[in-house]
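Single-letter residue listing:
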Amino acid sequence: MYSEWASLQSCVLSDAGSASVLHTFPEGVGREVACSVVRHLAHGLTHAGAEDGQKLDSEQQVNWTMEVLCYGLTLPLSDHETLRDCVNVYSDWLTVLTTPKTSVPKPIQEEPNKYAQRMFKHLHNLFMPRSEGNTYVDKQALMCHRILRTTQNIAKESSVMTQQTWEGLLLFLLGINDTLLAPPTAQGSIADQLCDRLVSVLFEIWLVGCARCFPSPPLWKTLREMCTTWRHHAAMVDQWNRFNIVLTSKVLKIMYGPDFPELKIAEEDISLVPIDMANECMVQTWFRFLHVLGNPVDLSSPNVISQTPRFIHMAMISDVVIDPSHHPCLKRLPAIFLRAMKGISGLVDAFLGMSPPRETEELDSAPTTPQVFRGSSASTTPPGSRKNVRSFIPSISGKDKAEFRKSAPAILPRQPSASSVSLSSGDQHTVPSPCRPKVNSVLHLFGAWLFDAGLAGCELEPTQKRQGSFSSMGSRRSSAVFPSTSQDVAATVDSAEYPETYESGRAEACGTLCRIFCSKRSGEEILPAYLSRFYLVLAQGLQVGRYCSREVMAKIVVNCTDLLRSDLKGVDVLLPRIVDALEIILPDRELIKFRRSSVSPDLASSGQSAFPFPLGLEQEPAVCPYVNQIELRRSAIQLLLSILSLPLHFRDLQIQDILKTQTHDTDEPEQNTFLSLKLRMVNLLIGSLQCEQDSDNTQMILGGMLLCVQDAALLEEAELQAEQAELQENEESDNTEKTADQEQKGTVDAPDHETPASKLAQALYSEYDSAYGLFVRCIHLVCQRLMSAWKTDLNVSLAALELLSGLAKVKIHIQDVLECKRAVKWICDYIGYQCSRPPPNHSRDLHSMIVAAFHCLTVWLVEHAYLMEDKECLQHVLETVELGISGSKSKVKASDQPKYKGDKELKPASMRVKDTAEATLYVVMSQVGSFPSTSGPASLCTLLNEEAIMKYARGSSSEGSLPFRYFVIDRNIIMGILEQPLGNEQDPMPTVTVLIRTPYGRHAWTMQHRQLSRQDRLGSRSALNDPGRPIPMADVGIHHDVTHRNFPEEVDRVPPTKADLSIPTLQQITGEKLRQELDKLRALMEAQVRYETDINGLTEQRIAGTTFPNSDTECKPPRIVQEFHPSRLFLSQLGFLSLDGLRSAPNSPLPALIALDSKTMTFHLDIELLDSIPVRSHDTVFIFYVKHGQKTTADILNNVEAAENVQPQFLEFLRSLGWPVEVGRHPGWTGHVSTSWKLAVDDDVFDDSTPVADGTGGSLFNGDKQVLYYGDISSEVAFVVPSGNRLGNCRDQLPDKQAVDRSSTQSDIMTTGPGPSRNLTLELAGVDPSPGAVGPDTTSAHGRKRQLPSRANMHVGPDTKVLVIWVESYDDIENFPLEDLLCECTTGMDYASSTSSLGSRPGMEAFVIFIHPLKTGLFRVNMHGPAGRVSKAIPLVDGMVVSRRALGALVRQTAINICHRRRLDTDTYQPPHIRRKIKIQEIVTKYRNQMSEPEFYTGLFHDV
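One structure accompanies this document, and this report is about it.

Definitions and limits used
- Residues numbered from 1 in each chain as written.
- Predicted model: local features only at pLDDT ≥ 70, side-chain atom pairs only at ≥ 80, totals over all residues.
- Heavy atoms only, no water.
- Helix = DSSP H or I, 4+ residues; strand = E, 2+ residues; numbered from the N terminus.
- Buried < 20%, exposed > 50% of the residue type's maximum accessible area, 1.4 Å probe, protein only.
- Contact = heavy atoms within 4.5 Å.
- Areas by Shrake-Rupley, 256 points an atom, 1.4 Å probe, with all protein chains shown as cover.
- Salt bridge = Lys/Arg side-chain N within 4 Å of Asp/Glu carboxyl O.
- Patch = residues over 30% accessible without salt bridge, like charges linked within 9 Å, V, L, I, M, F, W, Y side chains within 5 Å.
- Core = buried A, V, L, I, M, F, W, Y, C linked by side-chain atoms within 4.5 Å.
- Polar contact = N/O pair within 3.5 Å; in protein donor to acceptor, adjacent residues only side chain to side chain.
- Expected span 1.5 Å × (residues − 1).
- Pairing = 2+ DSSP bridges.
- Axes fitted to C-alpha atoms, helices over the stretch in contact; angles between N-to-C directions.
- Phe/Tyr/Trp six-rings, centres within 6.5 Å; stacked < 30°, edge-to-face > 60°.
- Lys NZ or Arg CZ within 6 Å of the ring centre and 35° of its normal.

**Thoughts on the overall build of the chain**
Counting secondary structure elements, the chain contains 53 helices and 23 strands. Burial statistics for the chain: of 1504 residues in total, 54% are counted as buried. Intrachain contacts of the chain at a sequence separation of at least 6 include 78% that bridge at least 24 residues. Counting every atom, the chain has about 67900 Å² of accessible surface; 53% of that belongs to carbon and sulfur.

See the structure below:
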């Protein structure tokens, strides 16, 4: 810079002008003259100054007097009074440059600049070291301080100084500094005490001179040459840092304007830079001051620092020091080198615009590093100057918060604009400013120093001499060994208190380089020369083995968390080195090797602390960490999370070691591949989780484990599908070829099933851990740690349970079912342990852990339904459910007698635990093995209601009424019974259709009262129908006339006897009278015979004319009953119609069966409100696409209108989140209450005839026609992509306040029946749960008027906003307009929850997941959200790098877990089944029929 200019150093070093004529006389003569004259002058200043001053009225008199004063300033310190008087006289005379005092002689007043220049030269004698030793050093220091203060006042206030006077003043300051600071430091000397003050005054006056009279290039060159000889003083580097910071703060405002983060400096340093200094002068001064110290890396080389004339002279005259580089004062160079590197680091952070690190509990609780340097207790530096020392030190980077508790210069964060909101990230590292300069620009300025400092103490061997082992690539130059034989040297400096290496400064330089390169913008290009040197520095710093420097390694790891996620070209060559370093850090629980064994004090003579610590921290601990150990482990975990996806992404791609080269004498070294590092990374995860103690770090590791399992499972599934497809294709082609060969040769070969894909898969599974192997290892380790170490940590327990839930959902081939059984048993044991803890330990956090564990158990049972077929597993689950519901188990041990439910006292851990256990029991009984049902995963309930069922029922109902009888069973189940048979049922038998509404949903059943099986096609009439009689035969055969005899013919053949003749005949005894009677009787008989013959003929004619069989005489079965009261039969046969069932139970005020009055006007509206309460938690995720440089809402929304506006990976990502559903027909959650949870009756209302346009960039899923949907057993998520042409928006869909007030007023009027108690209501204050409280009508995007649910139903808990932002440029995250886009993220429930969050900014409650595609094909994740106790959900972690195949699943699971955690942390949240249960109880209370038993029985015999 000044090569063409001559230096003035020779003029400064010469004593011309500082010698007096009295020096030619003997010492005694000069002393007597000086003492007499000076005593008289000093007496005149205090008594008659004006007269004495006027006596020196000629130039000769003044010149003679100044010769005497010049000699007096050289007197020994024993004549300190004379010295003091000389100082007083010159101090008064120098006021001639500002406001002259009356004591100033007239000649001096006439030519002030001429005499002032002579006085500056004379005053140089005052600062000359004396030979008396340190006896009167304090007095000399006080006089020197006065002269320095006088020169400061002159420089600031004088308006008459000419350029020559300015140069004389600057040369005077250079001379006195060089006189005291150039020689090696001696403890307790005048140089030791004045060093800081001298340099401070020099630099301060030099700045004033730059503004008033800019120094010439020779002066600048002289300053630079002399400053390089003072670098062995710590104060020199401190002041250099101080003034660089002050000047840099001004330059930043000039270069980047007021929007750039302000570099905060101490108030006392603000006045160092003159206000009237021009911008161009400011920049020139800053750049020259930056290089005034030369190359700061020289401080790491004692040989360079000691190559000065003063050091060489000292070595020549010393009996102890032989080599100048062995002087004891150079033992302080490592500490000074560290100060210089920290100063440069502060300047780099200022240019990068890095804000100060956030105060965290971990940092506050970390061990504090005390002062590294301690000043001399004999310092006479004025209090004001000592106070200023703290402001000299540059800002310490955010990586060293634990080591440096306070930094003087800090960077104020920028104020957020109106359209953006400050987003809180989980990463505690500082964030560069978006207005920062390019990396190349910063490296042009500081790169040469930092690269050299990063390799300080390292010697790179020539390429041709390098060996195969990278640990032998470099040798570390040992520090200078100082002699300790001399007692004087040992007394001067205690060698045990000073660092012997320069690793601290080197570590600081490496950390600064990492911050520079990690601040690279998206798409920014860095010069290859800089990249190669940077990679070389990191490769040396991350070495393991003999030449490992753990301090350098720690600094690199802490500062390079973004190294592999910043798209740096060729950065993968460092991957083996990074893995080596992580294997040293992560498995070490205590990190003892990353601590200092002792702490170095400050230079004995510096008089100030090197680093600004608060008062009261002077005690030195025995052991001090290089960096905060929690932060070190966190940074190492961040690095690990950024490389987990690399092995399966690049597979067999080789990694070139930057320090490994092939030699001609040895074989080619073994090459690392990405896949070869996979097992080491997995082992790092497992090992770090075993020894990690920090809660946040543990959660990050758990997220990384789920990423590994999910990624490996998806890869294996894709490979298996590809293998099967390739196998099938090969078989088809082989069959075709072999069929042709068979036709020619007549033979067919056996098929070969060994394909390249299968060989690769087998090699992968045999050599590395498969997805199932990692799955098992994760389950074992996490469950063990969950039971042993994490039981009392809420956040870690939630993260572990989220990991187990995620593992249950991973689609993987389970080779051993026993592993899943173990997982379920561990979860049950965890619940049992938490429930059995003593009552004082029970808290909301504990119950939240139990609730989360039950949720995890539910996921495992649903995803692995076969576990319920195992008797032992089923017993464990049911015992755990029993414990959650009742608070105890029926059998504590297998040998105990069971304790029945009626004998147990219900004491659950809490009502939340009891409700969750009941929900788990419902899932076990109703959903395990049957989810998803025929209606799909979109609904757990039937899609039918009363109106839909009546469409299929026979008969008609009256207008406005439905023929349903409503009963309540066990106070929690509403049962609507329809007695009309459905239209498709032909059998005339008792048929009921039952709509059952429970806390867990709505279910429809159709039941018939059957006597026979369905195998008989005739149905119930078959048992009552006549089977039929045989048809009579008309042909009866031949009719024979036969005379019937009373006696057989043999009787006539028997001859009569006398006895036979003893009885007379009728003729023998008949008389006349008797004969007449006989004739009369005979006539009557003949008439009767004729009559009967006629009657028989007529009868035979009538019978012949009738059909067969005769309906009048035929025996018929009874007629079947066609009209029933099926509800009465149904309830009676179920046992509900007993007198005991209709009376109130002893332990309940309500009977088991209650009839409801369905004729009330508002009954069916309340039933609809009950149906509008979902049975699962529902969440909405809004997805946006941000192109490079976009900041406005309109531009962002219009990106998704066309596919060419977005990246193809974005469309693939959308499809991986969920499956598309039609909003008009979807029965589940659609992202807005106005279109969600539709029933079957709603299908004909929505008009979806509008054709769907193809080729969109995601706007198809904006909620108008379609959304992306995902549902499981406990939650459902709608993924909405808002677009510019969206028909509905937040203003159209949000009801206004007047409408809500009108609905509330209407509800008060329409309320009937007794109101529910406050502790069982869902409503907000002042809002009744009646149907009149239904929200205002809202027009959906399809033109259908649909009523929003009431505020009671909409206030379901925290309104958690989850946004997924796809950013093409990572730098656009800072300017993302979150508050503006939140208006597009409406769900219809916003106004309900807004009453509880009045006054809060909308963006403060939003969780944002930023996704940035890297050039490698991977994706960088950035998490932002409000700080909370349970807000850090996994599997995604801030800074994680995710593969393409696992991105969608991990984003979806993270969004679900975020919302689940927010619900757990909300005191007012009630699960859906509890809200439905409360609503059912309200309906029972409101519409119960107060009837006696006779009235109830009578009502059953009446039609509806």
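**Considering the pattern of salt bridges**
Under the counting rule described, the total for this entry stands at 51 salt bridges. Taken together, the shared-partner salt bridges in this structure form one network comprising Glu 631, Arg 634, Asp 694, Asp 696 and Lys 1432.

**What about a nonpolar patch on the surface?**
On the surface, Val 21, Phe 25 and Val 29 cluster together into a nonpolar patch covering about 250 Å² of accessible area. Position of Phe 25 among the secondary structure elements: in the loop between α1 (9–13) and α2 (27–46).

**Comments concerning the nonpolar core**
Phe 127, Phe 446, Phe 517, Leu 563 and Trp 860 are the most contacted members of the largest nonpolar core, which has 311 residues in total. It is helix α10 (residues 190–212) that provides the largest number of residues to this core, a total of 14 residues. Sequence-distant contacts of Phe 127, that is, excluding residues within four places in its chain, are made with Gln 140, Cys 144, Ile 147, Leu 148, Phe 172, Ile 176, Thr 179, Leu 180, Leu 194 and Leu 198. Grouped together as the second largest cluster of nonpolar side chains are 24 residues, Ile 1365, Ile 1373, Phe 1376 and Ala 1406 included.

**Some points on the side chain of Arg 1002**
Relative to the helices and strands, Arg 1002 is located in strand β12 (residues 1001–1008). At a separation of 2.7 Å, a polar atom in the side chain of Arg 1002 contacts the main-chain carbonyl oxygen of Thr 942. In this structure the side chain of Arg 1002 is engaged in a polar contact, spanning 3.4 Å, whose partner is the side chain of Asp 1171.

**As for helix α52 (residues 1472–1487)**
If you check α52, its first and last C-alpha atoms are 22 Å apart, about what 16 residues at 1.5 Å a residue would give, namely 22 Å. Among the 16 residues in α52, 13 count as buried, and that is most of the element.

**Concerning helix α25 (residues 629–643)**
Across its 15 residues, α25 extends 21 Å between first and last C-alpha, which sits within 8% of the 21 Å expected from 1.5 Å per residue. Here α25 lies mainly inside the structure; 14 of its 15 residues are buried. The N-capping residue of α25, defined by a side-chain oxygen 3.1 Å from the backbone nitrogen of Ile 630, is Asn 628.

**Some remarks on the sheet that holds β12**
If you walk across this open sheet you meet the 5 strands as β12-β11-β10-β9-β13, and the pairing is antiparallel. Because the sheet does not close on itself, it has two edges, and the strands there are β12 and β13 (1153–1155). Each adjacent strand pair in this sheet contributes to an overall mean axis angle of 25°, direction not counted. Here strand β10 (residues 973–978) pairs with strand β11 (residues 991–998) via 5 bridges, running antiparallel. Within β11, the position partnered with Ile 977 by the bridge is Val 994. Lying on the sheet, helix α43 (residues 1163–1172) is in contact with β9 (964–969), β10, β11 and β12; it crosses β11 at an angle near 60°.

**Considering the packing of aromatic side chains**
The geometry of two aromatic rings is summed up by the distance between their centres and the angle between their planes. Using the criterion set out here, one finds 35 aromatic pairs in the structure. With a centroid separation of 6.0 Å and 75° between ring planes, the pair formed by Phe 337 and Tyr 502 is classed as edge-to-face. Here Phe 337, found in helix α16 (residues 333–352), pairs with Tyr 502, found in the loop between α20 (487–492) and α21 (503–518); they are 165 residues apart in sequence, far enough to count as distant. According to the relative accessible area criterion, Phe 337 is buried, its value standing at 0%. The exposure class of Tyr 502 is buried, given its relative accessible area of 10%. The rings of Phe 203, Trp 206, Phe 214, Trp 220, Phe 243 and Phe 289 are connected pair by pair, giving a single aromatic cluster. Positioned above the aromatic ring of Tyr 833 is the side chain of Lys 791, whose terminal nitrogen or guanidinium carbon lies 3.8 Å from the ring centre. Note that Arg 1452 overlies the ring of Tyr 1270, its terminal NZ or CZ placed 4.3 Å from the centroid.

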